[in-house]
Amino acid sequence: MHKDDLVVVTGAGGFIGGHLVGYLQRTLGHGRLRAVDCKPLDEWYQIHPGVDCLSLDLSLRENAYRASRSARVVYNLAADMGGMGFIETHKAECMLSVLINTHMLLAAKDCGVERFFFASSACVYAADKQTDANVTALQEADAYPAMPEDGYGWEKLFSERMCRHFREDYGLKTRIGRYHNVYGPHGTYDGGREKAPAAMCRKVIEAKLSGRNEIEIWGDGEQTRSFMYIDDCLVGTTRLASSDINEPLNIGSDELVSINQLVDIVEKIAGVKLVRRYNLGAPKGVRGRNSDNTLIQQVLGWAPSVRLQDGMEKTYRWIYDEIVSGRESRANRAPRLAAAG
Ligand code: NAD
């Protein structure tokens, strides 16, 4: 990839896309970037000066073509998604992301795009391989025979397949990263779409600030996961995109923890010990999931390595500042509004 090629990032108003634009610009030195998201610009998590930012709904064909015009490389991250609380209750909405992926692939083919990265997910893996908390880490081949997460996972698996056939039939160099739980600053931490690491930080911060001293945990807390810090996600994504690897690849940490252990980490960072209330009826996803990183090590000579403790410290500090500054600005606004009548 040349530094003056036009690179498009979709979903750039969101968590990973916002970081990716900054990384391509500042770390990899790309000078021509187009960032696209359906949200109005004032709702984007990050805006980077010097980047062409477009607010477009990419589920519409003409917008996908507008986004892809003159592009050499497309990172397609736009999707309707969230944590377990969202994807278990919005299956149809998650599946409608197939419109984004279909139109972006068609536009990429017709606009002469050379490389197309697709952000897939560990939710493509077959449910019967994730029934034990003491899980065997998932290898790329474990996605078949197919029985992915209902709704969101089926859409991702279908779109992976579409990427494969666009490569075989039209020569578009599609690259597929299967992200395993990504976390870090500038992500969603409230509102219903947040994922476990951000949700735990928020809950611990709220318990600490309010003095309530207790926390609700979804499930019995013994379900296991691995969590990848955003910096690792950016390295894996850009390395895979510029590689010659045609098959889907895990991009995830292999540091397996239970949700209870994740809470231990956040409590330690916050310097508190909370009473845990387990909500057994809440959405909890599969029992255990981890990333097998044998293949990524083999083909990229690299794998995610940021320790959970280190990544969570940065994430906690960012969410803490956001919550406290949000409270302060609300408190400052109230007297002004009262004064204004
Ligand atoms: P995010 O929700 O923060 O970002 C996705 C962005 O896509 C949002 O800003 C949203 O407004 C935008 N979008 C949705 N519909 C759109 C449309 N029709 N047109 C244009 N933009 C649209 O999510 P994220 O965590 O940054 O995830 C990025 C990608 O990575 C997604 O494809 C997601 O499925 C995938 N992924 C993320 C994780 C994770 O842990 N965060 C794990 C696996 C896969």
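Residue indices follow the written sequence of each chain, beginning from 1 at its first position. Local features in this predicted model are restricted to residues whose pLDDT is 70 or higher, and side-chain atom pairs enter the listing and the counts only when it is 80 or higher, whereas totals over whole chains, interfaces and linings include all residues. In computing side-chain values, all of the structure's heavy atoms are included and hydrogens and water are not.

Caption draft 1: Quick look at the overall build of the chain. Secondary structure elements are defined from DSSP: runs of H or I of at least 4 residues count as helices, runs of E of at least 2 residues count as strands, and each element is numbered from the N terminus. Helix and strand counts for the chain stand at 11 helices and 13 strands. A principal-axis box enclosing the C-alpha atoms of the chain has dimensions of 60 × 55 × 35 Å. A 1.4 Å probe rolled over the protein chains alone gives each residue an accessible area, and that area as a share of the maximum for its type sets the label: buried under 20%, exposed over 50%, partly exposed in between. The burial tally for the chain puts 55% of its 341 residues in the buried class. In this description, contact between two residues means that some pair of their heavy atoms is separated by no more than 4.5 Å. Sequence-distant contacts in the chain: of pairs separated by 6 or more residues, those separated by 24 or more amount to 79%. Here the positive residues are Lys and Arg and the negative ones are Asp and Glu; neither His nor the chain ends is included. Here the site of a charge means NZ on Lys, CZ on Arg, CG on Asp, or CD on Glu. Averaging the locations of the 42 positively and 44 negatively charged side chains of the chain gives two centres separated by 3 Å.

Caption draft 2: Inspection of the nonpolar core at higher detail. By size, the foremost hydrophobic cluster in this structure holds 63 residues, and its most contacted members are Y75, Y179 and M312. What counts as a domain boundary in this text is fixed by an automatic or database domain assignment. Counting contributing residues per domain, this core is built from domain 1 (7–182 + 228–251) and domain 2 (196–224 + 256–328), each supplying no fewer than three. Grouped together as the second largest cluster of nonpolar side chains are 25 residues, L54, I100, M104 and F166 included. Nonpolar cores are built from buried Ala, Val, Leu, Ile, Met, Phe, Trp, Tyr and Cys residues. Side-chain atoms within 4.5 Å join them into one set.

Caption draft 3: Up close: the sheet that holds strand β4 (residues 73–76). Two strands pair under a simple rule: DSSP has to find at least two bridges between them. Taken in spatial order, the seven strands make up an open sheet running β3-β2-β1-β4-β5-β6-β11, and their pairing is parallel. Looking along the sheet, the strands with just one partner apiece sit at the ends: β3 (52–55) and β11 (249–251). Within the sheet, the average angular offset between the axes of one strand and its neighbour, ignoring direction, is 20 degrees. Relative to strand β6 (residues 173–179), strand β5 (residues 115–121) runs parallel, the two being bridged by seven bridges. Bridging from a neighbouring strand, R115 pairs with K173 of β6. In the packing of helix α1 (residues 15–27) onto the sheet, the strands contacted are β1 (7–10), β2 (33–37), β4 and β6, and the crossing angle to β1 comes to about 160 degrees. Every axis corresponds to a line fitted to the C-alpha atoms, with the helix fit spanning only the stretch in contact, and the corresponding angles, defined between N-to-C directions, vary from 0 to 180 degrees. Contacting β5 and β6, helix α6 (residues 152–170) runs over the sheet at an angle of about 155 degrees to β5.

Caption draft 4: Looking closely at helix α9 (residues 259–270). The terminal C-alpha atoms of α9 lie 16 Å apart, and with 12 residues this matches the ideal 16 Å at 1.5 Å per residue to within 8%. Of all 12 residues in α9, nine are buried, a share of seventy percent or more. Two residues or fewer past α9, G271 is found with a positive phi of approximately 70 degrees. To estimate the expected span of a helix, subtract one from its residue number and multiply by 1.5 Å.

Caption draft 5: Unusual backbone geometry, seen in detail. Y144 connects to P145 through a cis peptide bond whose omega is 0 degrees. Within the fold, P145 resides in the loop between β5 and α6. One non-glycine residue, N213, adopts positive backbone phi at about 70 degrees. You can see N213 is positioned in the loop between α7 (196–210) and β8 (214–218).

Caption draft 6: A look at the environment of V9. One can find V9 in strand β1. Placed 134 residues apart in sequence, V9 and A143 show a C-alpha to C-alpha distance of 26 Å. Here V9 is in contact with G17, L20, V21, L24, R34, A35, V36 and Y75, once residues within four sequence places are set aside.

Caption draft 7: Representation of the packing of α1 against helix α8 (residues 230–241) in the model. α8 packs onto α1 with a crossing angle of 65 degrees between their chain directions and a minimal axis gap of 10 Å. It follows that α1 is roughly perpendicular to α8 by the angle criterion. Crossing of α1 over α8 shows right-handed handedness. Every residue of α8 that contacts α1 at F15, I16, H19, L20, Y23 and L24 is listed here: I230, C233, L234, V235, T237 and T238. Taken together, the residues of the contact of α1 with α8 break down into nine nonpolar, three polar and no charged. Any angle between 65 and 115 degrees counts as roughly perpendicular, while under 35 counts as roughly parallel, over 145 as roughly antiparallel, and the rest as oblique. Each crossing gets its handedness from the near helix: less than a right angle anticlockwise from the far helix is left-handed, clockwise is right-handed. Under the convention adopted here, Pro, Cys and the residues Ala, Val, Leu, Ile, Met, Phe, Trp and Tyr are nonpolar, Asp, Glu, Lys and Arg are charged, and Gly plus all remaining residues are polar.

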